[in-house]
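What the coordinates show
What follows is each chain in one-letter form.
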Amino acid sequence: MDSDEFRCRGKEMVEYICNYMENIPTRRVTPNVEPGYLRKILPDEAPEYPEDWEAIMADVDAKIMPGVTHWQHPRFHAYFPSGNSYPSILGDMLSAGIGCIGFSWAASPVCTELETIVVDWLGKAIGLPDEFLALKKGSRGGGVIQTCASECVLVTMLAARAQALKRLKQQHPFVEEGVLLSKLMAYCSREAHSCVEKAAMICFVKLRILEPDEKSALRGQTLSEAMEEDEAAGLIPFFVSTTLGTTSCCSFDNLPEIGSVCKRFPCVWLHVDAAYAGNALICPELKYLLKGVEYADSFNTNPNKWLLVNFDCSTMWVRDRIRLTSALVVDPLYLKHGYSDSSIDYRHWGVPLSRRFRSLKLWFVLRSYGISGLRKYIRHHIALAQRFERCVLQDRRFEVCNEVKLGLVCFRLKGADKLNEKLLSNINESGKLHMVPAHVNDKYVIRFCAVAQNATEEDIDHAWDVITEFAAELLEAQAVDKEQELQDEVFDLNRKQKETLAYKRSFFVRMVSDPKIYNPSIAKTLPTVRRHYTDTAGSPENSAPSQLPHSASWISWPLAFLFQGIAEDAAGSNVPIRFRHLDTKVRLKTTSGKDVANGGTPSPSRSPERNKSPKRSPTGKELVKSGNTEIRKHP
């Protein structure tokens, strides 16, 4: 492609980008594809010969765009904003056209100097102390543009580690550096970004993750107790990472408390990660959120999140640049130049050597919008978030789960986590909105963030309509399921009751029929094959084996005690009792009060033993007395 064709294609590309940005609301927010979709429709190898530009752009529409998640879509409410604006795009185009690699001042002087200037501009607008500004007289600090907040956290932890090891080496010159390294302990909140944990892994240091308070903020007392405990155990606190505007719920660690704690421990580096919220601090009414920054050793924010600058652009400031660069200096001969002592070489400020001309797009944005225009944009997003918060609060089915200070609202349906998981899944699968979850105070919540540059109140109202529509369907389905579940439970209960009643009836019948079920000890007694008819009033000598009369009625012995003492006044009533396990039949003979007067057995109703049932079956010639009845087993 020569310059003439580039002019033509460049204009076409600008037109394509403008059409994309203008028509993005007509697209589905998230792609409706599955993993591996692109591999199936692209060749296995690169083309051997050049292809026409028209064919390439046709494939952009047919194959690339179907897999794009449209972060600039007005229905995209996940994560935090991804900065994008026409001035930033043009600045990126120019940076790409210049194509310089600004690892040192000599490699491209303007690349270094413009970066120093625009980062100072932004630092002043945020309200950072003068010690963080490179061009302030007497300052030892300064700022740099890194790729992302993760890199900012990593390089500050590396600097803190180098500072701590240097101090420990002076105190213990004969101790191996690896042993000293094993003693270092870093700290952060459970709400801190995962990049802190990754940085600790890379740095080979220990990291203690602390519990925040009920507002998801790390407090000084919690940090103090942890550091004192570790110091007593022989560990060395060296790095604390705090967050202004956490990812999950945009909470703010208590920087004044934490800063005063860090001052009590020598050689502790305090870093402030304000990747999202730091941009909003250009608004005077929000500068109270910066309270305590005077304790910090480093601070970062991401203009590529909330200042309309395209990724990548993460600004970082340090109070003492020598403490940072001394940990990262590698100075081969081929990178040295004659102005090394009088200029900044940003290759010493981060991990990579090669650096893009990122300051150009930040410069374009700051000049195109001005600080006042950027403040207006941020305030508009905050107002949209507050509008959404009001919608949530007015619906009794929902609850707000964070303190809404900026552009993020965490909300959920009142109910179980599974219910909210299902709600978010249904919404995202529809492609009508895109949101992501988080855990706040051990609850599953849905994050809603105003993201699109030109988002309107109608976009917020539309999002709430979609959310409530899916919520109503889900709650209705849940109500139907609960009703069916309740009916099933009632059916199961009735069935179980019937089964239980049938079982009890069956057990009662079997108990009456087989005393071994009622009293297992009876099973130890073997039944005899002989049958006897015994009259308790007669003599054993007069008894003889005989068949039981067919007219005689009988009941099993476990119920015999129920009949003791019945019909007290019926002296002549006899109830035949049959012991099936003994193949024996007896008759109960009641005793009247007259018999008692004549020396007979007292009435069972007045006997203290009347409620006692036989504890074991009679065997052999053993005599068992039960109330007024004697039962004797004949040999």
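Given the structure is predicted, the values throughout are model-derived calculations rather than measurements. (Residues numbered from 1 in each chain as written. Predicted model: local features only at pLDDT ≥ 70, side-chain atom pairs only at ≥ 80, totals over all residues. Heavy atoms only, no water.)

**A look at helix α1 (residues 3-23)**
To be explicit about the condition: By the criteria applied, helices consist of DSSP H or I runs no shorter than four residues and strands consist of E runs no shorter than two, each listed in order from the N terminus. Take the residue count of a helix, subtract one, and multiply by 1.5 Å to get its expected span. Should any heavy atoms of two residues lie within 4.5 Å, those residues are counted as being in contact.
With 21 residues, α1 ought to run about 30 Å at 1.5 Å a step, and its terminal C-alpha atoms sit 30 Å apart, in line with that. The secondary structure elements touched by the buried residues of α1 are α3 (53-64).

**Quick word on the nonpolar core**
Test applied: What is meant by a nonpolar core is a set of buried Ala, Val, Leu, Ile, Met, Phe, Trp, Tyr and Cys residues, joined one to another through side-chain atoms within 4.5 Å. Using a 1.4 Å probe on the protein chains alone, a residue whose accessible area is under 20% of its type maximum counts as buried, one over 50% counts as exposed, and one in between counts as partly exposed. An automatic or database domain assignment provides the domain bounds reported here.
Ranked by internal contacts, the top residues of the largest apolar core, which has 74 residues, are Ile126, Leu223, Ile282, Phe299, Ile378 and Leu406. The greatest single-element share of this core, amounting to eight residues, is contributed by helix α14 (residues 359-394). Here this core gathers at least three residues from each of two domains, domain 1 (3-80) and domain 2 (100-330 + 341-356). With near-sequence residues (within four places) excluded, leucine 223 lies in contact with Tyr187, Leu210, Val240, Ile258, Val261 and Cys262. Counting 35 residues, the second-largest nonpolar core is a separate cluster that includes Leu158, Ala159, Leu168 and Ala200.

**With respect to the pattern of salt bridges**
For the record, the criterion: For this document, the term salt bridge refers to a Lys or Arg side-chain nitrogen within 4 Å of an Asp or Glu carboxyl oxygen.
Under the counting rule described, the total for this entry stands at 29 salt bridges. Of the charged contacts, one joins aspartate 297 and arginine 323 as a salt bridge, the two residues approaching to 3.2 Å between their closest N and O atoms. Here arginine 323 lies in helix α13 (residues 321-325) and aspartate 297 lies in the loop between α11 (277-280) and β6 (298-301), a separation of 26 residues in the sequence. For arginine 323, a relative accessible area of 24% puts it in the partly exposed group. Among the salt bridges present, the one from aspartate 417 reaches arginine 412, with a minimum N-O distance of 2.6 Å. A residue is classified by how much of its surface remains accessible, and arginine 412, at 3% relative accessible area, is buried.

**A closer look at the sheet that holds strand β4 (residues 236-243)**
Note: strands within a sheet are paired through backbone hydrogen bonds, in either parallel or antiparallel orientation. What counts here: When DSSP finds at least two bridges between two strands, those strands are taken to pair. Angles shown run from 0 to 180 degrees and are taken between the N-to-C directions of axes, each axis being a line fitted to C-alpha atoms and, for helices, limited to the stretch in contact.
Strand order in the open sheet formed by seven strands is β1-β7-β6-β5-β4-β2-β3, and the pairing between neighbours is mixed. Looking at which strands have only one partner, the edges of the open sheet turn out to be β1 (142-146) and β3 (206-210). Here the strands of the sheet are splayed against their neighbours by 20° on average, with no regard to which way each runs. Packing against the sheet, helix α5 (residues 109-126) makes contact with β1, β6 and β7 (314-318), and its axis sits at approximately 80° to β7. In this fold helix α10 (residues 255-262) packs onto β4 and β5 (269-273), with an angle of close to 160° to the strand it touches most, β5.

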